Amino acid sequence: MATGHTDPRRRERILAATLDHIADEGVAGVSHRKIAVRAGVPLGSMTYHFTGIDELLREAFTRFADHIVSVFEQHLGRADTPDQAREAVTDLVHALSEGPRRDLVLAHELYTLAARRPEYRRLTHAWMLRSRLLLEQHFDADTARQLDALIEGLTLHRSLDTEPQSRELTRLAVHRMTSGT
């Protein structure tokens, strides 16, 4: 194994391995030893780069939240008109619900931590704020807040339902919420 001096991406590999491990086995299974093995780094690298499991989890989940915000940016950044913004939200719901199962599992692992521990609640709050700010580029603040919840709910329902709702039904829900009809 390479030393830290010749392995500048070690910290990033550890964070990626942490997210992979959580997606495969859940937060409860995270340990320094398991992550070190998965990342292919010496066990001592874990405490060199992170003060403990909580710091590791917070940074890994922050990285995950950044990824999801970038998905929001990709979809919403293309919209110039209200109709394009509505279509972008529809596309976003379907991209998230039909995307990698890994992202869905990671989101729910983070939500579970946030429901139990305030430091993760702060992390999810920051994530939601960033998402809403992107939505506020196209919709008023109250509508953006409601749309953010709609996106989360529809994504969850579409990903878990044995017969997910159609794109047209998603489009209709978004239109109803954003047009007042």
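Thresholds, definitions, all that
- Residues numbered from 1 in each chain as written.
- Predicted model: local features only at pLDDT ≥ 70, side-chain atom pairs only at ≥ 80, totals over all residues.
- Heavy atoms only, no water.
- Phe/Tyr/Trp six-rings, centres within 6.5 Å; stacked < 30°, edge-to-face > 60°.
- Helix = DSSP H or I, 4+ residues; strand = E, 2+ residues; numbered from the N terminus.
- Contact = heavy atoms within 4.5 Å.
- Polar contact = N/O pair within 3.5 Å; in protein donor to acceptor, adjacent residues only side chain to side chain.
- Core = buried A, V, L, I, M, F, W, Y, C linked by side-chain atoms within 4.5 Å.
- Buried < 20%, exposed > 50% of the residue type's maximum accessible area, 1.4 Å probe, protein only.
- Axes fitted to C-alpha atoms, helices over the stretch in contact; angles between N-to-C directions.
- Parallel < 35°, antiparallel > 145°, perpendicular 65-115°, else oblique.
- Left-handed = near helix turned anticlockwise from the far one by under 90°.
- Nonpolar A, V, L, I, M, F, W, Y, C, P; charged D, E, K, R; others polar.
- Salt bridge = Lys/Arg side-chain N within 4 Å of Asp/Glu carboxyl O.

Q: Before we go on, may I ask you to explain the packing of aromatic side chains in this structure?
A: We describe a pair of aromatic rings using the distance from one ring centre to the other and the angle between the two ring planes. In the structure shown here, the tally under the stated rule is 2 aromatic pairs. Aromatic side chains F64 and W127 sit 5.8 Å apart centroid to centroid with 85° between the ring planes, which places their arrangement in the edge-to-face category. Linking F64 in helix α4 (residues 53-76) with W127 in helix α7 (residues 118-135), this pair joins segments that are 63 residues apart in sequence. The rings of F64, Y111 and W127 are connected pair by pair, giving a single aromatic cluster.

Q: What exactly am I supposed to notice about the environment of D54 here?
A: Within the secondary structure, D54 is located in helix α4. Considering only alpha carbons, one finds D54 and Q74, 20 residues apart in sequence, at a separation of 30 Å. The residues contacting D54, other than those within four sequence positions of it, are R117, E119 and Y120. A distance of 3.1 Å separates a polar atom in the side chain of D54 from a polar atom in the side chain of Y120.

Q: Looking at this structure, how should I read the nonpolar core?
A: Core analysis: the largest hydrophobic core is formed by 49 residues, its most contacted members being F61 and F72. Counting only elements with at least two residues in this core, the list comes to α1 (10-25), α2 (32-39), α4, α5 (82-98), α6 (101-116), α7 and α8 (141-160). Each residue touching F61, except ones within four places of it in the same chain, is listed here: L19, I22, V27, L106, E109, L110, L113, Y120 and L123.

Q: What am I meant to see in the packing of α5 against α8 here?
A: Angle between the axes and distance between the axes are the two parameters that describe a pair of packed helices. Their axes nearest at 8 Å, the elements α5 and α8 cross at an angle of 40°. In this view, α5 runs oblique relative to α8, as classed from their interaxial angle. Two packed elements cross with a definite hand, and for α5 against α8 that hand is right-handed. Residue-level contacts link V89, L92, V93, H94, L96, S97 and E98 of α5 to L147, I151, L154, T155, R158 and S159 of α8. Residues belonging to the contact of α5 with α8 are distributed by class as follows: 7 nonpolar, 4 polar and 2 charged.

Q: Looking at this model, I keep getting lost on the pattern of salt bridges. Mind explaining?
A: Opposite charge on two side chains permits pairing when their charged atoms draw close. What the rule picks out here adds up to 12 salt bridges. Residue D20 is joined to R102 by a salt bridge in which the shortest nitrogen-to-oxygen separation is 2.9 Å. Pair noted here: D20 is in helix α1 and R102 is in helix α6, with a separation of 82 residues, a long-range link. Note that R130 is salt-bridged to D66, the shortest N-O span being 2.6 Å. One end of the pair, R130, is in helix α7; the other, D66, is in helix α4, with 64 residues separating them in the sequence. Note on R130: relative accessible area 34%, which makes it partly exposed.

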